[in-house]
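Notes for the structure review
Here are the chains, one letter per residue:
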Protein chains: 2
Amino acid sequence: MRVTRSIAEVRDEVRRWRRARKRIDFVPTMGAIHAGHQSLVRRACAEADRVVASIFVNPLQFGPGDDYRRYPRSPAADRELLARAGADLLWTPDVGHLLPEGHRTRVHVAELSEMLEGDSRPGHFDGVTTIVMQLLSVVQPDALWLGQKDAQQVRVIEQMVADLKLPTKVRRAPIVRQRDGLALSSRNAYLGPEERRQAVALSRGLAVARMMLRQGERSSARLVAAIRWVWREFPLVQEDYVAVVDARTLAKVGVVRRRVLVVVAARVGRARLIDNFEWGTP
Amino acid sequence: MRVTRSIAEVRDEVRRWRRARKRIDFVPTMGAIHAGHQSLVRRACAEADRVVASIFVNPLQFGPGDDYRRYPRSPAADRELLARAGADLLWTPDVGHLLPEGHRTRVHVAELSEMLEGDSRPGHFDGVTTIVMQLLSVVQPDALWLGQKDAQQVRVIEQMVADLKLPTKVRRAPIVRQRDGLALSSRNAYLGPEERRQAVALSRGLAVARMMLRQGERSSARLVAAIRWVWREFPLVQEDYVAVVDARTLAKVGVVRRRVLVVVAARVGRARLIDNFEWGTP
């Protein structure tokens, strides 16, 4: 696996591959690589001829109170894990390359960016879309691989890619979980032992909601109430939101009719965790 | 010259050219083609192997009180004029293709978009940058050709292209003028005979300012006052703005030290006209 910080080198390598008619897929990350990221790279490898991964802890997507400075960074281990998963090229751009002095362009996806995570973290998705747009401009991949764990992020980026006519397909890969159900996340590293035990509340609550949906429950209010009921057993888990939303528009639904996302966000100690599942047919 | 409305056909043709290692340049227009547009196409032809032109009257860049509906449209003549200038492919996308139901992404270039034209026409440049971003995604040109007549538009798009790392060079071509100095513009078609005579005020005022700069004048206030003095002879010309701005930041300057733009905008009858010149070294 080749590693470079240089935009020009990425463009050159991609141009060579493109001329050789290679299919090139792309997995952007913020580092702190775990098995979830690796599954994205492996899926990309299975479909593409060449896979580019990037590591960039994007300051634009962190708010003033967020964890930008203490976000886990493990460059040596990351390189090893991405190489082992099969990435051909790792791009680690500098902040000053993607956000030089005087940078002033923002990509905004209206509405989809403003609810749920966007409501809890104002400006977060503008930071995501602006940087992802830049990464896509440089890599110009055939497909962009994103984890379903960040379901709203996937939806926002899908909309951006469609609206801006980017010549890239957006692919989703399922959430990878630990044995007890906790969704893998770089932020799990913030959890102390008791917090780690209680963090299972997120997936546990979702499992109950899914079971209720299977049994015919269609009331969002009752699904949300059930999740909150589960969470009562986990005092370290502080709800940020619990919602049943349309999988496409992300608008809250009262009754489950079309495809929905059941989404949760909570603080557990210093960590802010999210989880979700999709349910129903499009 | 091939003509198509289809995004897929443009992508296919460009892909074929790209594989044959052709340099592809792009001239976006809103139609109502005049010699200014033709000069852009000719300059592109001189540098590139293939030239794509587009015609799209972009509803996003018109405000509620603007002239979207009555903007001059002359598709048959446009095709003829673009073909004669040397374009290889003319793309005429439908509004519904670039702005389908549910489209919600905007590209915003902060500050540069908000002054001068942006101040007179709120949201105008977000409409421009959003659509130009889409056009660039489809055509993926080596160079994008823009007319210096819309100096602020050039600056905003340059900034977008740099910030979003688009693999395209922005090229400017000088203003093409009628014999009496009036800058060519599709909106000149709105002018009645007496308005047409008085529209020369814009270039006449700028010529006086340029002469003063050559003679050593460095006070923006005196340059602006001189232009206004010239305009007093043209009662049909109603000032929107007259300003001396930094060529890069577009911020107003009090004293001319670095490269500046002298920019004017005025209503002449139903037409809103703009003109400018650049002065000084970068």
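Okay, the overall build of chain A next. Scanning chain A for helices and strands turns up ten helices and ten strands. Over its C-alpha atoms chain A spans a radius of gyration of 19 Å, differing by no more than 12% from the 19 Å that the globule rule assigns to 282 residues. Considering only C-alpha atoms, chain A reaches an extent of 55 × 40 × 40 Å along its principal axes. Counting over 282 residues, chain A shows a buried share of 45%. Here the analysis covers contacts within chain A between residues at least 6 apart in sequence; of these, 69% occur between residues at least 24 apart.

Attention now moves to the confidence of the model for chain A. Per-residue confidence for chain A gives a mean pLDDT of 97; residues scoring 70 or more make up 100%. In the predicted complex, the global pTM is 0.97; the interface-specific ipTM is 0.96.

All names here are of chain A. One can describe the packing of helix H6 (residues 124-139) onto helix H7 (residues 151-163) by two numbers: an axis separation of 10 Å at closest approach and a directional angle of 50°. As summarised for this structure, H6 and H7 are arranged oblique, according to the angle between their axes. With respect to the hand of their crossing, H6 and H7 are arranged in right-handed fashion. Touching Phe125, Val128, Thr129, Val132 and Met133 of H6 are Gln153, Val156, Ile157 and Met160, all from H7.

Take the interface of chain A and chain B next. Taken residue by residue, the interface counts 23 residues in chain A and 23 residues in chain B. Here the side of chain A that touches chain B gets five residues from one element, more than from any other, and that element is strand S5 (residues 105-109) of chain A. For the side of chain A that touches chain B, the residue count by class is eleven nonpolar, six polar and six charged. In this sheet, strand S5 (residues 105-109) of chain B lies alongside S5 of chain A in antiparallel orientation, the contact comprising five bridges. When the sheet's bridge partners are listed, Thr105 of chain A is paired in S5 of chain B with Val109 of chain B.

Parameters at a glance
- Residues numbered from 1 in each chain as written.
- Chains lettered and ligands numbered in written order.
- Predicted model: local features only at pLDDT ≥ 70, side-chain atom pairs only at ≥ 80, totals over all residues.
- Helix = DSSP H or I, 4+ residues; strand = E, 2+ residues; numbered from the N terminus.
- Rg over C-alpha atoms; globule rule 2.2 N^0.38 Å.
- Buried ≥ 20, exposed ≤ 12 C-beta atoms within 10 Å, placed from the backbone.
- Contact = placed C-beta atoms within 7 Å.
- pLDDT = per-residue confidence, 0-100.
- Axes fitted to C-alpha atoms, helices over the stretch in contact; angles between N-to-C directions.
- Parallel < 35°, antiparallel > 145°, perpendicular 65-115°, else oblique.
- Left-handed = near helix turned anticlockwise from the far one by under 90°.
- Nonpolar A, V, L, I, M, F, W, Y, C, P; charged D, E, K, R; others polar.
- Pairing = 2+ DSSP bridges.

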